[in-house]
Amino acid sequence: MATPADTPIKVLVADDQKSNRHILEVFLRQEGHTVIVASDGREAVELHRREQPDLVLLDVVMPVMDGLEAARLINAESGEVHTPILFLSMAKDQRTVLDGLELADDFISKPINFGLLRAKLRAFIRLVRTQRTLRVQQRRIESFNDEMRRESEVASFILNRVLAHTEQPDGHSLQYRVVPAALFSGDVVFARRTPSGRLHVLLADAVGHGLPAAINILPLYFPFEAMSRKGYPISTLARELNRRVRDLFPRDRFVAAILASIDAEAGVVEVWNGGSPPALMVRPDGRIAERVDSMQMALGINDDDPKLFETRRVDFSVGDQLILFSDGIWESPTFAGDDPTLPVEALLRATPPPTRMDALVERALAAGQFDDLSVMVLTQRETVTREARPRAAQVGVATDRLALQLGAEALRNPGVIDDVLSMAGALGFVGHFPKLPAIFFELFANALEHGVLNLASGNKYLSSEGYLEYFAEKQRRLDVLADGFIAVEMALDSIAGKQVLRLMVSDSGRGFRVFDFAPEGPADDCVSAGHGLALVRGMALHLTHNKQGNEAIALIGHVDGGVPER
């Protein structure tokens, strides 16, 4: 193992006397060091800048630039890692020595005592070794920081792209704000309209902070977005999100969440709370009228049991506000106490409705932020009361039947499902049978892909490549589709004295073996073949297919189980 004396270093020697430079160079080389020489201070500064030596030996009195000025410049250019300087001088006066020691690390008189110089070199070599270690550690830290910065930039880009696709706050009926405690937030807010016009919202709080917590949140977006667009009820959505978290992450990486579905026209909010602070229904004067406390454990901990995802319905009158927040707000020191509801309500009563969200956040920040903060405020701004609406708009439907036949050109339209649901919504079917959009989406997709286009699932669910290949082939077949059709019929029907909606979806294809795609009960894999039909079976009162497999009939229950008027 090398001793400090055996460790070679690079030494810059600056002296205007050639003989002195030569003697020092020979001595230092014999000690095993690399030597570079300069004849004046300016040359010494230039060599230091270019060669970056480990140690500088400077004569004080030199032409062009003296050693004192050269030392000032070298010190200024050394940066965070200091280059040690040893002054060599024949000066004996105390003032020169003191001036030199302000700029250098040591001072040795001429003529040089080489035994003393060797001893001082040993001390400097130990310092140089420490400097080298610091340089290596600094480079490692810089490299680590660069890598973390690149990874953070990629993660930030992905998260921002995801969040950009959720419904943005409008400052009136939908307000939300997220304040992370670190670079990334473990809290997130999503919002999406369903085909029937309901607003689905999710406020989620993953365990932990920063990037790991943000990663736990990301997989929730895709099922929330897709299932909300299809109109799935939040009970089904909460169950699916629970399965995603449970299947993807370790048991201790759970996600507290509140899901709400707002039907502004009906004046009703449906809420599921899993491990989050209570959702508060607040009257216009700031009084808390109702609170929906946690109903089950956080996402990822619950069993896959439909009973665990039953929701609670709360009236939502004009001027009311539904306020959701994470525990960063609820457990803030500013609201500390046996029941945070009391200080929260006091703040809400003292704050105008439009600024309540910001008031909650600012009060929590003022008390010191220890966690991610998130708040969502939903305001009922419907100006037409239910009593003032036309009777048909209150409880009735415009007709008892809708029938369509969609040919090849219509099937190529990417918005064909939305178009059909818009017609169904205008007739009142969607409002009174809210499970219709989700059920219709699945049955229509099966009729198109497995019926008209005769696509087999194949490797669709085995890999991302298989998934992309499946949809690329679907598009190719749609592009060349010359004939074929899907027939849709929606009609009011009755079962045991209660009105239901009968939905029939048939196609011109050869059909498919339904039992291969629709296992009884919930699917074990949320993206496996047949999961869509399994969900339909769970939502519909009854689902049947003809023997050929190209006609499906689903019976769909009314929103309250009653009989809508016509």
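Only a predicted model underlies this, so the values are computations on that prediction, with no experimental measurement involved.

A.B. asks: In this structure, what is going on with the overall build of the protein chain? I would like to understand it.
C.D. replies: Of regular secondary structure, the protein chain possesses 18 helices and 20 strands. Classification of the 566 residues of the protein chain by burial places 49% in the buried group. Looking at the protein chain alone, contacts between residues at least 24 apart form 67% of all its contacts between residues at least 6 apart. When the accessible surface of the protein chain is split by element, carbon and sulfur atoms take 53% of a total near 27,000 Å².

A.B. asks: Sorry if this is basic, but what is going on with the confidence of the model for the protein chain here?
C.D. replies: Caution applies to low-pLDDT regions: their predicted coordinates should not be interpreted in detail. When pLDDT is averaged along the protein chain, the result is 82, and 83% of the positions lie at 70 or above. Here helix α11 (residues 391–394) is the element of the protein chain with the lowest mean pLDDT, 33, and strand β11 (residues 279–282) is the one with the highest, 96. Counting interchain partners and residues more than four positions distant, the pLDDT-below-50 stretch residues 517–529 has 33 contacts.

A.B. asks: I tried to follow the nonpolar core on my own but got confused; where do I start?
C.D. replies: Among soluble globular proteins, nonpolar side chains are generally buried collectively. In terms of nonpolar packing, the biggest core is built from 67 residues, with Leu-220, Leu-436, Phe-440, Leu-443, Met-490 and Leu-503 touching the most fellow members. When residues of this core are assigned to their parent elements, the largest contribution, nine residues, is made by helix α15 (residues 436–452). Those residues in contact with Leu-443 that sit more than four places away from it in its chain are Leu-503, Val-505, Leu-533, Val-536, Leu-543, Ala-552 and Ala-554.

A.B. asks: Even after reading the chapter, I still don't get the sheet that holds strand β14 (residues 321–325), so can you show me in this structure?
C.D. replies: Strand pairing within a sheet occurs via backbone hydrogen bonds; the two strands may be parallel or antiparallel. Read across the open sheet, the five strands follow the order β6-β15-β14-β11-β12; overall the sheet is antiparallel. Sheet topology places β6 (174–179) and β12 (288–292) at the edges, where each strand pairs with a single neighbour. Here the strands of the sheet are splayed against their neighbours by 15° on average, with no regard to which way each runs. With three bridges joining them, β11 and β14 adopt antiparallel strand pairing.

A.B. asks: Help me understand the sheet that holds strand β17 (residues 486–495) in this model?
C.D. replies: With antiparallel pairing, five strands are arranged side by side in an open sheet as β16-β17-β18-β20-β19. Unpaired on one side and paired on the other, β16 (401–406) and β19 (542–545) mark the two borders of the sheet. Taken over all neighbouring pairs, the strand axes of this sheet differ in orientation by 15° on average, direction set aside. Across the sheet, helix α13 (residues 416–426) touches β16 and β17, and the angle it forms with β16 is around 160°. Running over the sheet, α15 touches β16, β17, β18 (498–507), β19 and β20 (551–557) and is turned about 20° from β18.

A.B. asks: In this structure, what is going on with unusual backbone geometry? I would like to understand it.
C.D. replies: One can expect most non-glycine residues to show negative phi and most peptide bonds to be in trans. Following Lys-110, the chain continues to Pro-111 via a peptide bond in cis, the omega torsion being -10°. Among the structural elements, Pro-111 can be located in the loop between β5 (106–109) and α5 (114–164). Its identity is not glycine, yet Gln-52 carries a phi of approximately 50°, on the positive side. Inspection of the secondary structure puts Gln-52 in the loop between α2 (41–51) and β3 (55–59). We note that Val-64 has phi near 65°; this positive angle belongs to a residue other than glycine. Relative to the assigned elements, Val-64 resides in the loop between β3 and α3 (67–77).

A.B. asks: I keep staring at α3 and nothing clicks. Help me out?
C.D. replies: Since the α-helix advances by 3.6 residues per turn, residues separated by three or four positions end up pointing in the same direction. Every buried residue of α3 is listed here: Gly-67, Leu-68, Ala-70, Ala-71 and Ile-74. Seen along its axis, α3 keeps its buried residues to an arc of 155°; they face one direction. Its side-chain oxygen at 3.2 Å from the backbone nitrogen of Leu-68, Asp-66 defines the N-terminal cap of α3.

A.B. asks: What am I meant to see in the packing of α2 against α3 here?
C.D. replies: The geometry of α2 relative to α3 is characterised by a closest axis approach of 9 Å and an angle of 15° between their N-to-C directions. In terms of axis orientation, α2 runs roughly parallel to α3. Like other packed secondary-structure pairs, α2 and α3 cross with a definite hand, here right-handed. Residues Gly-41, Val-45, His-48 and Arg-49 of α2 form the contact with α3, whose participating residues are Ala-70, Leu-73, Ile-74 and Glu-77. Tallied by class, residues from the contact of α2 with α3 come to four nonpolar, two polar and two charged.

A.B. asks: Just to check I follow, could you spell out the pairing of β14 for this structure?
C.D. replies: Two faces, one strand: in a regular strand the side chains alternate between the faces of the sheet. The element β14 is largely enclosed, with a buried count of five among its five residues. Neither face of β14 is open: one carries Gln-321, Ile-323 and Phe-325, the other Leu-322 and Leu-324, and all of them are buried. Strand direction decides the pairing type here: β14 and strand β15 (residues 373–379), joined by five bridges, are antiparallel. From the neighbouring strand, Gln-321 faces β15, where its bridge partner is Thr-379.

A.B. asks: Whenever I open this one, the packing of aromatic side chains confuses me. Can you help?
C.D. replies: Any pair of aromatic rings gets described here by the distance separating the centres and the angle formed by the planes. Scanning the model with the defined rule gives nine aromatic pairs in all. Aromatic pair Phe-190 and Phe-224: ring centres 5.9 Å apart, planes at 35°, arrangement tilted. Of the two residues, Phe-190 is situated in strand β7 (residues 187–193) and Phe-224 in helix α6 (residues 210–230); the sequence distance between them amounts to 34 residues. Across this residue pair, the class does not change: Phe-190 and Phe-224 are buried. Look at Phe-440 and Phe-444: their rings are 5.5 Å apart centre to centre, the planes differ by 50°, and that puts the pair in the tilted class. Taken together, the positions of Phe-440 and Phe-444, both in helix α15 and four residues apart, correspond to about one turn of that helix. Residue Phe-440 shares its accessibility class with Phe-444, and that shared class is buried.

Quick notes on the rules
Residues numbered from 1 in each chain as written. Predicted model: local features only at pLDDT ≥ 70, side-chain atom pairs only at ≥ 80, totals over all residues. Heavy atoms only, no water. Helix = DSSP H or I, 4+ residues; strand = E, 2+ residues; numbered from the N terminus. Buried < 20%, exposed > 50% of the residue type's maximum accessible area, 1.4 Å probe, protein only. Contact = heavy atoms within 4.5 Å. Areas by Shrake-Rupley, 256 points an atom, 1.4 Å probe, with all protein chains shown as cover. pLDDT = per-residue confidence, 0-100. Core = buried A, V, L, I, M, F, W, Y, C linked by side-chain atoms within 4.5 Å. Pairing = 2+ DSSP bridges. Axes fitted to C-alpha atoms, helices over the stretch in contact; angles between N-to-C directions. Arc of directions from axis to C-beta. Polar contact = N/O pair within 3.5 Å; in protein donor to acceptor, adjacent residues only side chain to side chain. Parallel < 35°, antiparallel > 145°, perpendicular 65-115°, else oblique. Left-handed = near helix turned anticlockwise from the far one by under 90°. Nonpolar A, V, L, I, M, F, W, Y, C, P; charged D, E, K, R; others polar. Phe/Tyr/Trp six-rings, centres within 6.5 Å; stacked < 30°, edge-to-face > 60°.

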